Amino acid sequence: MQGKKKILMILMILTLGVFAFTGCAPTQMSINEPTTEGEMTESVATEAGSNTESTEADGNTQGVETESAELDPANPVHVTFYSYSLGFPTMKEGMEHLIQEFNDTIGKEKGVIVEGIVDENYTKNVTDIQAGNQVDLIQNVFPSLDVAKENLGIMAFEDVFPKDELDAHWDGISEAALSLGKIDGKTYGMAFTFSTPILFINGTLFEEAGLDPNNPPQTWDEVLAAAQQITEKTGKPGLAFSPSNGWVTYGLFYSNGAGIFNEDRSQVVFASPEGVEAIEKWKEFYTSGCAALGTDGEVVEQFMAGNAGMTLNTTAMLSGIRSSFDALGLELTGTTMPSFGEKEAIPVNSGSALVVRPDSDLKAKAIWEFVKYATGPRGYTIITSEIGYLPLRTEIADDPQYLKPFADEYPLVRVNLTQLDNVRGTIWPAAIATEGSQIFNNAIQVAVSTDADVGETLKKAQYDINALYK
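Residues numbered from 1 in each chain as written. Predicted model: local features only at pLDDT ≥ 70, side-chain atom pairs only at ≥ 80, totals over all residues. Heavy atoms only, no water.

1. Let's talk about the pairing of strand 3 (residues 112-118)
Argument step 1. The buried count for strand 3 comes to six of seven residues, which makes it a mostly enclosed element.
Argument step 2. Alignment of strand 2 (residues 77-83) against strand 3, held across seven bridges, turns out to be parallel. Paired with Ser83 across the two strands is Val118, which belongs to strand 3. (Buried < 20%, exposed > 50% of the residue type's maximum accessible area, 1.4 Å probe, protein only. Helix = DSSP H or I, 4+ residues; strand = E, 2+ residues; numbered from the N terminus. Pairing = 2+ DSSP bridges.)

2. A few points about the packing of helix 12 (residues 273-287) against helix 20 (residues 454-468)
Argument step 1. Relative orientation of the contacting elements helix 12 and helix 20 amounts to 130 degrees, with a least axis distance of 9 Å. Accordingly, the angle class assigned to the pair helix 12 and helix 20 is oblique. When you trace helix 12 past helix 20, the crossing you get is right-handed. Note on element contacts: helix 20 touches helix 12 through Val454, Gly455 and Leu458, opposite Gly275, Val276, Ile279, Glu280 and Lys283. (Axes fitted to C-alpha atoms, helices over the stretch in contact; angles between N-to-C directions. Parallel < 35°, antiparallel > 145°, perpendicular 65-115°, else oblique. Left-handed = near helix turned anticlockwise from the far one by under 90°. Contact = heavy atoms within 4.5 Å.)

3. Focus on the packing of aromatic side chains
Argument step 1. Tallied over the entire structure, the rule returns 20 aromatic pairs.
Argument step 2. A ring pair is formed by Phe81 and Phe370, whose centres lie 5.4 Å apart and whose planes are at 55 degrees; its orientation type is tilted. Note that Phe81 is positioned in strand 2 and Phe370 in helix 15 (residues 361-374), a separation of 289 residues in sequence. As far as the burial class goes, Phe81 and Phe370 line up, both buried.
Argument step 3. Here Phe102 and Phe370 contribute two aromatic rings whose centre-to-centre distance is 5.2 Å and whose plane-to-plane angle is 80 degrees, an arrangement assigned as edge-to-face. Pair noted here: Phe102 is in helix 2 (residues 89-104) and Phe370 is in helix 15, with a separation of 268 residues, a long-range link. (Phe/Tyr/Trp six-rings, centres within 6.5 Å; stacked < 30°, edge-to-face > 60°.)

4. Things to note about helix 10 (residues 220-234)
Helical geometry: 3.6 residues make up each α-helical turn, so side chains three or four residues apart lie on a common side.
Argument step 1. The end-to-end C-alpha distance of helix 10 is 21 Å, a good match for the 21 Å that 15 residues give at a rise of 1.5 Å each.
Argument step 2. Taken together, the buried positions of helix 10 are Trp220, Val223, Leu224, Ala226, Ala227 and Ile230. Down the axis of helix 10, the sector holding all buried residues measures 165 degrees, keeping them to one side. Within helix 10, the exposed residues directed more than 90 degrees away from the buried face are Glu232 and Lys233.
Argument step 3. After helix 10 finishes, the residue Gly235 shows a positive phi value of roughly 80 degrees. (Expected span 1.5 Å × (residues − 1). Arc of directions from axis to C-beta.)

5. Description of the pattern of salt bridges
Between side chains of opposite charge, pairing is possible as soon as their charged atoms come close.
Argument step 1. Taken as a whole, this structure holds 20 salt bridges when the rule is applied.
Argument step 2. Between Lys365 and Glu70 there is a salt bridge, with the nearest N and O atoms lying 3.0 Å from each other. Here the residue Lys365 occupies a position in helix 15, and Glu70 occupies one in the loop between strand 1 (45-46) and strand 2, the gap between them amounting to 295 residues.
Argument step 3. Residue classification places Lys365 among the partly exposed positions, given a relative accessible area of 22%.
Argument step 4. Residue classification places Glu70 among the exposed positions, given a relative accessible area of 54%.
Argument step 5. A salt bridge links Lys363 to Asp136; the nearest nitrogen and oxygen atoms lie 3.0 Å apart. Of the two residues, Lys363 is situated in helix 15 and Asp136 in the loop between helix 4 (124-130) and strand 4 (137-141); the sequence distance between them amounts to 227 residues. (Salt bridge = Lys/Arg side-chain N within 4 Å of Asp/Glu carboxyl O.)

6. Overview of the layout of surface pockets
Argument step 1. If you add up the space inside the largest pocket, you get close to 410 Å³.
Argument step 2. Lining the largest pocket we find 18 residues, and of these Arg265, Arg424, Gly425, Thr426 and Ile427 sit closest to its centre.
Argument step 3. Looking at the lining of the largest pocket, the elements that each hand over two or more residues are helix 8 (175-179) and strand 5 (182-183). (1 Å grid on protein atoms, 1.4 Å probe; cavity = no way out; pocket = protein on both sides within 12 Å on 5 of 7 lines; lining within 4 Å. Points joined across faces, edges and corners; volume = space filled by probe spheres on them.)

7. Some words on helix 19 (residues 433-449)
Argument step 1. Look at helix 19: 24 Å from first C-alpha to last across 17 residues, which is about the 24 Å you get at 1.5 Å a residue.
Argument step 2. Along helix 19, the positions that sit buried rather than exposed are Ala433, Thr434, Gly436, Ser437, Phe440, Ala443, Ile444, Ala447 and Val448.

8. Focus on the packing of helix 2 against helix 15
Argument step 1. At their nearest, the axes of helix 2 and helix 15 sit 11 Å apart, and the two run at 125 degrees to each other. Classified by the interaxial angle, the pair formed by helix 2 and helix 15 is oblique. Two packed elements cross with a definite hand, and for helix 2 against helix 15 that hand is right-handed. Seen from helix 2, the contacting residues are Leu98, Ile99, Glu101 and Phe102; seen from helix 15, they are Glu369, Phe370, Tyr373 and Ala374.
Argument step 2. Partitioning the contact of helix 2 with helix 15 into residue classes produces six nonpolar, no polar and two charged. (Nonpolar A, V, L, I, M, F, W, Y, C, P; charged D, E, K, R; others polar.)

9. Points about unusual backbone geometry
Argument step 1. Positioned with a positive phi, Tyr122 is a non-glycine residue whose angle comes to about 60 degrees.
Argument step 2. On the accessibility criterion, Tyr122 (0% relative accessible area) is buried.
Argument step 3. Positive phi, close to 60 degrees, is recorded for Arg265, a residue that is not glycine.
Argument step 4. Mapped onto the secondary structure, Arg265 falls in the loop between helix 11 (248-255) and helix 12.

10. Thoughts on empty space enclosed by the protein
Argument step 1. For the structure shown, the criterion picks out two cavities of 30 Å³ or more.
Argument step 2. Roughly 40 Å³ of volume is contained in the second largest cavity.
Argument step 3. The wall of the second largest cavity is formed by 10 residues, among which Thr315, Leu318, Thr384, Gly388 and Val413 lie closest to the centre.
Argument step 4. In terms of residue class, the lining of the second largest cavity is made up of seven nonpolar, three polar and no charged.

11. Some remarks on the sheet that holds strand 8 (residues 197-202)
Argument step 1. Strand order in the open sheet formed by four strands is 9-10-8-11, and the pairing between neighbours is mixed. Looking along the sheet, the strands with just one partner apiece sit at the ends: strand 9 (239-240) and strand 11 (332-335).
Argument step 2. Bridge analysis of strand 8 against strand 10 (residues 310-314) gives five bridges, and the strand direction is antiparallel. In the strand pairing of strand 10, Phe200 is matched with Thr311.
Argument step 3. Strands in contact with helix 13 (residues 296-304) are strand 8, strand 9, strand 10 and strand 11; relative to strand 10, the strand with the most contacts, it is inclined by about 125 degrees.

12. Some points on the nonpolar core
Argument step 1. Core analysis: the biggest nonpolar cluster contains 94 residues, and Phe81, Phe161 and Phe194 have the highest contact counts within it.
Argument step 2. It is helix 15 that provides the largest number of residues to this core, a total of nine residues.
Argument step 3. With residues near it in sequence (within four places) discarded, Phe81 still touches Met95, Ile99, Val114, Glu115, Gly116, Ile117, Leu137, Ile138, Gln139, Phe192, Leu354 and Phe370.
Argument step 4. Ranked by size, the runner-up nonpolar core spans 54 residues in total, among them Ile201, Val223, Val248 and Phe340. (Core = buried A, V, L, I, M, F, W, Y, C linked by side-chain atoms within 4.5 Å.)

Any functional reading would require information beyond the geometric quantities listed.
Here it is, written out as C-alpha cells:
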C-alpha cells in the first residue's frame, strides 16, 4: 500500500510539472515541416515501447555495471527515450526527426538504436520503472528534478560519463543553462529543450494606439503605460499574461530582487517586500482594466487572434504566433523580458532536461552518443527550427551551416538569446513539491486576479508551505 501511495504522489508531481513548465499550449504550431534526407522507414515513437530489460521495481539504481564491451554496429544497443514532446502535435514531428536522423547516421555507425516512447503526461516513465522495465533516458522538466533524483533513480552525469568527454561536449553550451540541472553540485539534468520568456508585441495594434512597435517598452512601468494606452485607444486588452501561466511568474520575483526559496531550499521566502511589490505591479494590469482575462491558453489565443497588444510567453510559441499573424496580416515584433526600473531582468526557463538511468556501462555509452547528437549543433538546429526552442549552442545562430538562415528570418530568436546568461531556474524540493507548488500557484492567481490583498495572500501561502517542511 505504501508503494502505491508513493507512486501516486510521484505521478501527481510530474503530471503537474509537465504542463506548467514545458512552455506548451494547444495553440502552438511548428515552424515548418521537418526535413529529412529520406522517408522515415519506421515509427520512432511507440506508445508502449518494446522493453525487455528490467531494473528494480522500486525505481532505484545502484550504479552502472562495468563492462569491457564496446559499441558494435553489428549488435546495436537499444536505448529507450521517454519524451513528452512526442505526445504534443506541435512538437511530435520535430522530435521524431531528431531521433530518426540519429538512428540513420551516428546510431547506425556506432551501433545504437533509440526508441522514442510517447510520454505526453509524464507518467509512463514512472509506471514503467515501477513495473520493472528499463527506462534509459527521460525528457524531464526542471522543477521536478529533485523528485526524479529521490524517487526514480536518475544518475548524475558526472557519475556516468567520462569527465573529459563531458567537458568537451559542454564547451559552447550556455553555462547558465547547464547550471539549472545541478543539485548538490552535480548535473542530474542536462539542459535540452529550453526557452525563456519574450514580450511578443502586436505591432499593428501598437500603431493603432499611437505607439511605436520599434521602440518597445523595457520596464514593467512602461509595459503598463503601453497596455493602458492600447486599451484606451482600441478597446482591446493591452497585455495577455495570465497568473495561471505556471512558470514565468518566478521571473517576476527574481527580477525584483526576491527569491522563492532560501539558499538551501529549506524554506520559501517569496512573501518578502520585493516579492509583494512585484506581484502588486502585475495586479495593476487587472485593476486598471487593461489585462486580458482567462486562463493562460485563453489569453494567448486572444493575442494570436490579434485581440491583445502584448503577451509574455515562451519562445517556443514564436512559430504559432508568427503563422497566425501572417495569416491575419499583422505585424509581429518583440523584446526581452521587462525589468523593474533599473534592476536587471532575470528570466526563467521552460522546457526540459535530459536525465539518465543506464543499467550498464555499454548502455551508458549508447545513451551518451544520443545525448551528444541531440545537444550538438545539428540537434539544436532541428530543435529550434522545427520545435521552436532556443539553441543552447548560441554560436550556431550565426553559422550558415546550421541556424543562420532561420535566425535571419526570425530575428526574435536572437533577441531572446541575449537573455540566456541571466536565466535562473526553480527546483522544488521533492518532499514538498506537490502541495507546495499547488499552494504557491493558487496564491498567485488569487493575489493577481481578485481583490485579495497581495501581501496577506502571499504571507499566508508562504506560512502554509513552510509548515509542510515540519
